[in-house]
Amino acid sequence: MSSPLLAVSELTKRYRRGGQTIAAVDGISFHIEPAETLALAGPSGSGKSTIARLLLRLIEPDAGHIEFEGGDFLSLNGAALRARRARLQMVFQDPLAAFNPRATVARVLGDPLRVHGIASRRERPRRIAALLERVGLSADLATRAIHEISGGQRQRIAIARAIATKPSLVVLDEAVSALDVSVRGQILQLLLDLQREERIAYLFISHDLGVISAIAHRIAILDAGRIAESGDARAVIDAPQSAIGKALVAATPKLTRTSMHDAS
Amino acid sequence: MNPLRRFLGTPEAVAGAIILIALFAMALTAPLIFPGDPQAIAGPALLPPFQDWLLPLGTDRLGRDVTAELFHGARTSLAVGLAAAAAALVIGAVVGTLAGFAGGLVDEVLMRVTDAFQTVPSFLLALAFVSIVGPSLGVVVAAIALGAWTGPARVARAEVLSIRERDFVASARVIGMHPLEIAFREVLPNALPPVLALSSVIVAAAILTEAALSFLGLGDPNRVTWGGMIAEGRAVLRTAPFLSIVPGIALVLTVLGVYLAGEGVVETTAVRRSLS
Amino acid sequence: MTVLLSVRDLTVTYRRDGSEVAALKHISIDVAAGERVAIIGESGSGKSTLALAIAGLLPQSSRIEGRIDWPGRNHAPIGGRDIGFVFQDPSASLDPVMAVGKQIAEVAHTHLGLGWSAAYAKAKTLLERVRLPDPDVALRAYPHQLSGGQKQRVAIAAAIAAGPKLLIADEATSALDTIVQAEIAALIRQLVAEDGMTLLFVSHDIALAAELAERIAVFRHGDLVEIGTTAQVVNTPRNAYTRALLDAHLGLDAGPMPWRTGTPA
């Protein structure tokens, strides 16, 4: 009846390096439904981040199609592409690098509102305060510089900026990997709350199967630019079929805790 | 520690700042201390310095007050130096940012134009420009800027090339910001520090170029300039060398002051960078 | 049990923009010869400061109070010879314009007094020990020609080249992906066992630390909040923060977070 939110088919990106052509992304196809989380896992160099950049049109593919919200996303250009970007957002791994070093919180959150004409200049401070509250931060933070706030707060700001334009899909590129574990849980919970309340779909890129099993519905495991296996996240992590899937599961550190009373 | 205190902690920076403050004071107070036309005759011709308290630095061939000329000349030197450097930095930063950010054909064209300007000696360029358009303050400023913008353009481009690969530029694209806004609001401000580090060199060079143009008679004829004063004194160099030496010393001190203060600023910001 | 290293009442203060920040506060810890100790904590916990202090690598501007003693040796240990140090970022610790063979041979030449040909032979043996695919080729390779995991193997080879008694790995696997991380962790475990080295494994990852170490020390805001055997810390943590760290760990069995259930409508 309805087409998926995002349908990627035969996406390919090649790089030339030292006279050789290497396919960083080699004919990849996948789809994401509304309010769903698809995880992309795989070792470094498997093409995870390249896929993120291709989806966001930060780099252009050599072949393939991207259909987003029922339209051909790759045919958009200029103003039409910029307008469409409101619906497809991204959160980067390093929250410090993802912001202009001179920016304040208010400017970072005000930019998308201004660029997409969502809020007038007069209305903006109120909308910024609402966004800050939405991601669990105090509205007083608006006047602070980005470099003055903590890493966890910065990643909340990055999420607030991504949801400012009411997107239907947010690409999270290792978005919790640089965070302390105690902060990581809160950010994951925030992402889940936003997904439930605003029906946002996530493409969750991570090398950490533990985090993926906590947040993702489905998983695709990449190896050398191809999807080695994909399916229900729980099922794949419990019983991986591909060699790379097995290696990833085996390599993940396991914390075996016996319950309190049977330890001496 | 605040940047001002750190700046004042370096002796050369303090020396440079003192010279520049004195110079600005001279330029600003010139119309108050020496009202009227500094080129008017004020006393007997060729009066040596330190003879008359009212004419402490003596008079020139026509009996004009050297002190008044020196003060008014500071106005011209500073105005031309700062305006030309500002123009060169603005042109250079804009050209460099566009070239580095746009890449491709735009980059290629802009950088070949930069090459073309850089291959012609900048003084020759200024000389030719003023000879064709005719000497006036604005033309002199433009002529000097014409030869000085290429350095800032190259530095800005190199900086922009590395900044445009950073995540915050990607995230500006992701939120749908217009490329020109990204270039000038996100990228350019972050590319400026190394470009501004060139400013002391450019200001000093601009002041010297202005003096040289005036020396050759291509300065604004309605204004007193140090270069013009040196040229004036040349005819009587044997009998009244002070006429060339006094503005010469002023020129040397000014350039020295600009360099020292500029060096101090660079040092201060460098320390702050290494701390953060 | 012979004590290799004894830290007593160690306080380290960094000076930054005029104000002083205590990175470590009155830390006392003993490390026995041949044991594997993990130092874990989050950012700002002081875990790396402790590693740097023990290796004598703290910046000049820091103020160090307290004692670090090495019972059983009559001189202070020499970095590179008595202590091998592996940093998080191998690209930063390797010289980009020197062949990796020379970088390793230099350690052997400097600290073991070997001639250059003997030092190169030693370097080749070491590259075999850290299991680089083709040691002869690797000897002449430059760091940029190697992958992140291979660079870290080279950095480990250089760290153990002089046969140190103590190996300090400061977040040595954090910049690597899961699979390479597991390989490097296994390599460190094997080398430590073969050479009878003492290991200080600094990490933010309590699960990885538990797999590698016999004892775990938990740091927070410059304080040592808990230290004990791995089993004791993991199974019966005494400190609330340690419990919180363990609870925040997301293993493969993490399961959906509180309300993430079912498939989307």
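Read on for a plain summary of the structure. (Residues numbered from 1 in each chain as written. Chains lettered and ligands numbered in written order. Predicted model: local features only at pLDDT ≥ 70, side-chain atom pairs only at ≥ 80, totals over all residues. Heavy atoms only, no water.)

### Description of the overall build of chain B
Applicable threshold: Numbering goes from the N terminus for both helices and strands, where a helix is a DSSP run of H or I of at least four residues and a strand is a run of E of at least two. Per-residue and other accessible areas follow the Shrake-Rupley method at a 1.4 Å probe size, with only the shown protein chains counted as cover for residues. As used throughout, the charge tally considers Lys and Arg to be positive and Asp and Glu to be negative, leaving His and the chain termini uncounted. Every charge is mapped to an atom, namely NZ of Lys, CZ of Arg, CG of Asp or CD of Glu.
Broken down by element type, chain B carries 12 helices and zero strands. Seen in sequence order, chain B has helices and strands lined up from the N terminus as α-α-α-α-α-α-α-α-α-α-α-α. Projected onto the principal axes, the alpha-carbon positions of chain B cover approximately 75 × 50 × 30 Å. With the model as given, the accessible surface of chain B reaches about 12,900 Å², and the carbon-plus-sulfur share is 70%. For chain B, the distance from the average position of its 17 positive side-chain charges to the average position of its 19 negative side-chain charges is 4 Å.

### Some details on the interface of chain A and chain B
Heads up, the condition is: It only takes one pair of heavy atoms within 4.5 Å for two residues to be counted as in contact. Here the buried area means the combined drop in accessible surface, using a 1.4 Å probe, for two parts upon being joined, counting both sides. Salt bridges, as used here, are contacts in which a Lys or Arg side-chain nitrogen is within 4 Å of a carboxyl oxygen on Asp or Glu. As used in this structure description, the phrase polar contact means that two N or O atoms lie within 3.5 Å; if the pair is within protein, one of them must be able to donate a hydrogen and the other to accept it, and residues adjacent in sequence are counted only when both atoms belong to side chains.
Taken residue by residue, the interface counts 23 residues in chain A and 18 residues in chain B. Three residues, Leu58(A), Arg82(A) and Arg102(A), lead the burial of chain A against chain B; their summed loss comes to 26% of the area buried on that side. A salt bridge links Glu186(B) to Arg107(A); its shortest N-O distance comes to 2.9 Å. Our count for the chain A to chain B interface comes out at 17 residue pairs in polar contact (both at pLDDT 80 or more).

### Notes on helix 9 (residues 243–251) of chain A
Spelled out, the test is: Accessibility here uses a 1.4 Å probe with only protein chains present; expressed as a share of the type maximum, an area under 20% marks a residue as buried, one over 50% as exposed, and anything in between as partly exposed.
Along helix 9 of chain A, the residues classified as buried are Ile244(A), Gly245(A), Leu248(A), Val249(A) and Ala251(A). Buried residues along helix 9 of chain A sit against strand 3 (37–41), helix 7 (209–215), strand 9 (218–223), strand 10 (226–232) and helix 8 (233–238) of chain A together with helix 7 (178–195) of chain C.

### Some thoughts on unusual backbone geometry
With a phi angle near 50 degrees, Glu10(A) is a residue other than glycine that sits in the positive phi range. Along the chain, the position of Glu10(A) falls in strand 1 (residues 6–17).

### Let's talk about the pattern of salt bridges
Residues and elements named next belong to chain A. Per the counting criterion, the structure on display carries 44 salt bridges over all chains. The residue Arg234 makes a salt bridge to Asp238 at a minimum N-O spacing of 3.1 Å. Taken together, the residues Arg234 and Asp238, both in helix 8 and four residues apart, mark about one turn of the helix. Through salt bridges with shared partners, a single ionic network connects Arg134, Lys166, Asp193, Arg196, Glu197 and Glu198.

### A look at the nonpolar core
For clarity, the threshold we go by: To form a nonpolar core, buried Ala, Val, Leu, Ile, Met, Phe, Trp, Tyr and Cys residues must be joined to one another through side-chain atoms within 4.5 Å.
Ile157(A) and Ile219(A) are the most contacted members of the largest nonpolar core, which totals 58 residues. Excluding its chain neighbours within four sequence positions, the residues that come into contact with Ile157(A) are Phe99(A), Val105(A), Val108(A), Leu109(A), Leu132(A), Leu137(A), Leu141(A), Ile146(A) and Ile149(A). Counting residues in each nonpolar core, the second largest holds 41 residues, with Ile202(B), Ile207(B), Trp226(B) and Ile230(B) among its members.

### Section: the sheet that holds strand 9 of chain A
Strand pairing within a sheet occurs via backbone hydrogen bonds; the two strands may be parallel or antiparallel. All names here are of chain A. Which entries qualify depends on this criterion: At least two bridges found by DSSP between two strands are what make those strands a pair. Note on definitions: angles span 0 to 180 degrees between N-to-C directions of axes, and those axes are lines fitted to C-alpha atoms, for helices only across the stretch in contact.
One open sheet accounts for six strands, arranged 6-7-8-3-9-10; its pairing is mixed. Each of the sheet's edge strands pairs with one partner strand only, and the pair in question is strand 6 (88–91) and strand 10. Neighbouring strand axes in the sheet, compared pairwise and without regard to direction, differ in orientation by 20 degrees on average. Here helix 5 (residues 151–163) sits on the sheet in contact with strand 6 and strand 7 (169–173), set at roughly 175 degrees to strand 6. Against the sheet, helix 6 (residues 181–198) engages strand 3, strand 7 and strand 8 (201–205), with an angle of about 150 degrees to strand 8.

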